[in-house]
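# Observations on the three-dimensional arrangement
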Amino acid sequence: MRALFVRLHRWFGLTAAVFLFVVGATGAVISWDHELDAWLNPQLFEARSAGSPLPVAELVRRAEAADPRAWVRYHALAVEPEHTFLVYMEPRVDPSTGQPHALDYNQVALDPVTGQVQARRFWGAISLSRENLLPFLYKLHYSMHLPERGGIEWGVWLMGLIAVAWVLDTLIALWISFPQPSQWRRSFTFRWSAGGHRRVFDLHRSGGVWLFALVLMLAVTSVAMNLNTQVMRPVVSWFSTLTPSPFASRTPLAPAQAPEPRVDRWTVVAQAQAEAWRRGWSDPPGAVFLAKDYGVWGVGFFQPGLDHGDGGLGNPWLYYDSQTGAPVGADIPGTGTAGDIFLQSMFPLHSGRILGLSGRLLISLMGLAIATLSVTGVLIWARKQRGRGQGARTRNTVPLASRPRVAQNEPLPRPRRTP
């Protein structure tokens, strides 16, 4: 059984090494994506004009008026002081073709005082330019930028399936790290003074043992990030009842087939605000989005600038049907069944935001650790391959006459004892 597990661990490690290295390296960076993005691209985040900002409704109107081919699908409901008003755009359907317009951008930054477009970019473009670097790394982290074909996000599926295998391999790796009870102490030891292969081996084996719980957590949450409705929710539902989700219970439509909302965003925001008052929430409506393909409006509640949900399980959201305005669900951190709370914890755990700044720092370091485990695993395999190759060459180059001949039942020669 151990030999089989060792082979499985080796095969998975060699197959997924590049993917896990990229995931670890990019994860170490995107833990700080908002801060780094703002530093690299002040034109997208820092307002140029001083003064009182325009009302949010007017800013949304101007964003859509600047290009009739697009509409705003996500925006904040308040303007942060000295910040741009950043909105996410989606193409409208071209009546002449029945397909969405081709846009070269999906994110727009407006000067909140003048309402003028200050900057645009296509979030997630395959580009290493200054304005696209952080979104590029973010999307690379979870999809490898593999394109969508036939309505299937192949990159998301690929990385999700690798995450499923990663969960199983993490358990296998722990099992094979403790071959015998008498040697368990070695599995926790780093032989720093040994150098060379022994140091590489200890970094891989002992490093994996010490970080086992965190690596397993990242592997499980990776499954939840990429294959939530396909894998994670069905698995969790075996152990706990789950509250129906408007996104898990609806089949998304193609962009050209999704109908325009009959209920406008401001009606939904007012309705959500009334519900929040009824529930006794103190935070104001912080943002609104439309998932047109699902026919769902979403309204989140948080203070301006806290849309990332640092600390705890994140921000509460209320959801409404875009055609009728009827409530279709809610995501309220810390409430619901045990399964609901487990799923709510997936992104906060994966990003480290559940612990705020310290959690993000820990996840950044874990990204580097996962990249290191991937590299050391390949180095260990490569050394073994070189050893096998040298052994084969030695056997083939030694003359037959000089090799020791041992009959079938002849005992092996024993070394003489010196006095």
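Our subject is the structure that appears above.
Residues numbered from 1 in each chain as written. Predicted model: local features only at pLDDT ≥ 70, side-chain atom pairs only at ≥ 80, totals over all residues. Heavy atoms only, no water.

Turning our eyes to something else, we now look at the overall build of the chain. Looking only at helices and strands, one finds 13 helices and 12 strands in the chain. The C-alpha atoms of the chain give a radius of gyration of 28 Å, which is well past the 22 Å a tight globule of 419 residues would have. Along the longest, intermediate and shortest principal axes, the C-alpha atoms of the chain span 100 × 45 × 45 Å. Classification of the 419 residues of the chain by burial places 39% in the buried group. When the accessible surface of the chain is split by element, carbon and sulfur atoms take 61% of a total near 23700 Å². (Helix = DSSP H or I, 4+ residues; strand = E, 2+ residues; numbered from the N terminus. Rg over C-alpha atoms; globule rule 2.2 N^0.38 Å. Buried < 20%, exposed > 50% of the residue type's maximum accessible area, 1.4 Å probe, protein only. Areas by Shrake-Rupley, 256 points an atom, 1.4 Å probe, with all protein chains shown as cover.)

Below, the discussion takes up the pattern of salt bridges. Applying the stated criterion to the full structure yields 12 salt bridges. A salt bridge links aspartate 67 to arginine 69, with the nearest nitrogen and oxygen atoms 3.0 Å apart. Using a relative accessible area of 7% as the deciding quantity, one classes aspartate 67 as buried. Residue class for arginine 69 comes out partly exposed when judged on its relative accessible area of 33%. The network of salt bridges with common partners includes Glu58, Arg61 and Arg62. (Salt bridge = Lys/Arg side-chain N within 4 Å of Asp/Glu carboxyl O.)

On to the side chain of serine 187, then. Topologically, serine 187 is positioned in the loop between helix H6 (154-176) and helix H7 (196-210). Other than its neighbours up to four places away in sequence, serine 187 contacts Ser177, Phe178, Arg205, Ser206 and Val209. (Contact = heavy atoms within 4.5 Å.)

With that out of the way, let us pick up unusual backbone geometry. The phi angle at glutamate 82 is positive, at roughly 65°, despite the residue not being glycine. Relative to the helices and strands, glutamate 82 resides in the loop between strand S1 (70-76) and strand S2 (85-91). You can call glutamate 82 exposed: its relative accessible area is 70%. Despite not being glycine, histidine 145 has its phi angle at roughly 60°, a positive value.

Next up on the list: the side chain of threonine 221. Relative to the assigned elements, threonine 221 resides in helix H8 (residues 212-226). Beyond its immediate chain neighbours, meaning those up to four positions away, threonine 221 contacts Met346, Leu349 and His350.

For the coordinates displayed, the defined rule picks out 13 aromatic pairs. Ring plane angle 75° and centroid distance 6.2 Å describe the contact between tyrosine 138 and tyrosine 142, whose orientation is recorded as edge-to-face. Of this pair, tyrosine 138 and tyrosine 142 both sit in helix H5 (residues 133-143), four residues apart, which is roughly one turn of the helix. You can call tyrosine 142 partly exposed: its relative accessible area is 27%. Seen in terms of ring centroids, phenylalanine 247 and phenylalanine 289 are 6.5 Å apart; in terms of plane orientation they differ by 20°. Their pairing is stacked. Of the two residues, phenylalanine 247 is situated in the loop between helix H9 (228-237) and helix H10 (265-279) and phenylalanine 289 in strand S9 (residues 285-291); the sequence distance between them amounts to 42 residues. Owing to a relative accessible area of 23%, phenylalanine 247 belongs among the partly exposed residues under this scheme. (Phe/Tyr/Trp six-rings, centres within 6.5 Å; stacked < 30°, edge-to-face > 60°.)

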